[in-house]
2 protein chains.
Amino acid sequence: MVEATRSMPRWRQIADELRDRIRAGQYKSGFPGELDLAAEFSVSRGTARAALRPLREAGLISASPGRRSQITQIDPASQYGAIYSLHDLIVSSGMKHRSTVLQQHLTADPAATEQLGTPVGEPLFHLARLRHADDQPVAFDEVFSPSSVAAPLIEVDFSDAPFYRELRVRCGVTVQGGSEQIQAVPAGDRFAELLACAPETPLLLVERLACSNGQTVEYRRTYFLGDRFRVARPFGSSSPNGPCGPDLL
Amino acid sequence: MVEATRSMPRWRQIADELRDRIRAGQYKSGFPGELDLAAEFSVSRGTARAALRPLREAGLISASPGRRSQITQIDPASQYGAIYSLHDLIVSSGMKHRSTVLQQHLTADPAATEQLGTPVGEPLFHLARLRHADDQPVAFDEVFSPSSVAAPLIEVDFSDAPFYRELRVRCGVTVQGGSEQIQAVPAGDRFAELLACAPETPLLLVERLACSNGQTVEYRRTYFLGDRFRVARPFGSSSPNGPCGPDLL
DNA sequence: CAGTAGCAAATGTACATACATTTGGTTGCC
DNA sequence: GGCAACCAAATGTATGTACATTTGCTACTG
């Protein structure tokens, strides 16, 4: 499953490679230009440009005519949506991250099965974590993933490991995109106890469907403490090749 | 102010034109293909393709190889972010929309001035509305816009008029994009009374900065009743020319 | 030494072309 | 009538080219 139906398009391979390099701290002083990338990967400038596009949409780099692309120094507190990793967000905010694993097993959640669109019989890998920043609970996080994809994760120690990294390293699946739905809900008795707040405290509930190569690989529900998180997102028509994200304002 | 620094790129002109046509209900049976558009607007296929991109990102149309683009029949309840008009959202949900205008004047809000980045002396057009769906309050909405842009709106009847339409028609300004920040907050006494809910009811607070031709033209705060609204958004790397939005899942 | 004019580099826009892949319909056979 | 093979149309990917526009640096001039 989840093998590339075809080989991924060249621009996406390059985009993934570049994103990994940026995250790895390479390019600390100077990001290559379009022509440099075209030469390095032996593709045309158009393809190199296409690879840069998702990075700009994610706010990782910014570009203007006349100068090379530059790595954007982002304010982590307003970038949850873009970097889509709570682990990275907390760590890059200078806080200490820790997760309490509440559940990590195979299960058969009907609602999650329907969201994922997997066959009814197939079990789901289920990971429920309480997320702490500097030893204070800030969010409750619940992930469902088809066992055909995520089975190797059953014995991973998730007390301080980003889910998407383990998914990539151990399952060979790189999350490429998806969609989210955001609601405001009261904590209620269950989350009030977990998050150490009052039952009527507003929480930001983010439901996420993530996919890789056309297959839905994750259904996630995250409950954020409303007073500690905000979600940023761009909207409207971005330019097909022009500036986007931070550059827009 | 807000005149195009240059003429807008061709692909953006075409994109705006197509979006207007779709909204006007044209193309009810059949959306033209890339080659048709290229012929109609006398541009290359690449430019026509670039024009279609923002429409796909907004979820207005969907495309796949081998068949023409099709207008997406969207579920309005999950598309607030995409169509970014609460008026349209309510109406297209089959409900009756009505606004109670609470304030409509020129003011000098320091916070909004800072957000907009306008000179400190310049007054701001300020519109505060209580939004009703089928005569039930569902949201409180507050707009700030530089008077140099929005002055003509001072005498408009906003009890049932979409703000962006008036901005376009009377001020010649078309909102092209921007960014939002989403939080969960308790209603508090003020909004509890306005929205007829308990003070601890969770609200979805959406702060929006919208711009047109590089100028920030709107700062908006909207408080949604948490149990009646959810916000949808795509995330992750979209393909530079490939499918996006609904197609991704 | 400061200010400006000019130049080179890089991105933004647009075009033309070629081929691959997918979809949908048509044709023809059984 | 149903099924399969084929074919045409449309989108997806990729390359190459050309020119406009912006940025940043350099060199020249007052």
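Our structure is the block above this text.
Attention here is on the structure that accompanies the text. (Residues numbered from 1 in each chain as written. Chains lettered and ligands numbered in written order. Predicted model: local features only at pLDDT ≥ 70, side-chain atom pairs only at ≥ 80, totals over all residues.)

Regarding the overall build of chain A
Check the secondary structure of chain A and you find nine helices and nine strands. By the burial criterion, 42% of the 249 residues in chain A qualify as buried. (Helix = DSSP H or I, 4+ residues; strand = E, 2+ residues; numbered from the N terminus. Buried ≥ 20, exposed ≤ 12 C-beta atoms within 10 Å, placed from the backbone.)

Details of the protein's contact with DNA strand D
Near DNA strand D you find 27 residues, and of these Arg10, Gly46, Thr47 and Gly66 of chain A together with Gly33 of chain B are the closest. Within the surface near DNA strand D, the residues separate by chemical class into eight nonpolar, twelve polar and seven charged. (Near = placed C-beta within 6 Å. Nonpolar A, V, L, I, M, F, W, Y, C, P; charged D, E, K, R; others polar.)

Notes on the packing of helix α2 (residues 34–41) of chain B against helix α3 (residues 45–57) of chain B
All names here are of chain B. Remark: α2 packs on α3, axes separated minimally by 8 Å, with the N-to-C direction vectors making an angle of 110°. The angle between α2 and α3 places the two elements in the roughly perpendicular class. The segment α2 lies against α3, with Glu34, Leu35, Leu37, Ala38 and Phe41 engaging Arg45, Ala48, Arg49 and Leu52. For the contact of α2 with α3, the class distribution of residues is six nonpolar, no polar and three charged. (Axes fitted to C-alpha atoms, helices over the stretch in contact; angles between N-to-C directions. Parallel < 35°, antiparallel > 145°, perpendicular 65-115°, else oblique. Contact = placed C-beta atoms within 7 Å.)

So, the nonpolar core
Grouped burial of nonpolar side chains is what soluble globular proteins tend to show. Judged by nonpolar contacts, the single largest core of 38 residues is most densely connected at Leu203, Leu204 and Phe224 of chain A together with Leu203, Leu204 and Phe224 of chain B. Filtering out sequence-adjacent residues up to four positions away, Leu203 of chain A remains in contact with Val185, Ala187, Phe191, Tyr223, Phe224, Leu225 and Gly226 of chain A together with Ala184 of chain B. (Core = buried A, V, L, I, M, F, W, Y, C linked by C-beta atoms within 7 Å.)

Here's the deal with the environment of Leu194 of chain B
All names here are of chain B. The topology assignment puts Leu194 in helix α9 (residues 188–195). Taking the C-alpha atoms as reference points, Leu194 and Pro137, 57 residues apart in sequence, are found 7.7 Å from one another. With near-sequence residues (within four places) excluded, Leu194 lies in contact with Leu130, Pro137 and Phe140.

A word on unusual backbone geometry
All names here are of chain A. For Tyr27, which is not glycine, the phi dihedral falls at a positive 60°. Assignment of secondary structure puts Tyr27 in the loop between α1 (10–23) and α2 (34–41). We note that Ala196 has phi near 55°; this positive angle belongs to a residue other than glycine. If you trace the backbone, Ala196 turns up in the loop between α9 (188–195) and β7 (202–212).

A short note on the environment of Ala108 of chain B
Residues and elements named next belong to chain B. Looking at the element boundaries, Ala108 is found in the loop between β3 (97–107) and α6 (110–116). Taking the C-alpha atoms as reference points, Ala108 and His126, 18 residues apart in sequence, are found 8.9 Å from one another. Those residues within four positions of Ala108 in sequence are excluded, and the remaining contacts are Pro123 and Leu124.

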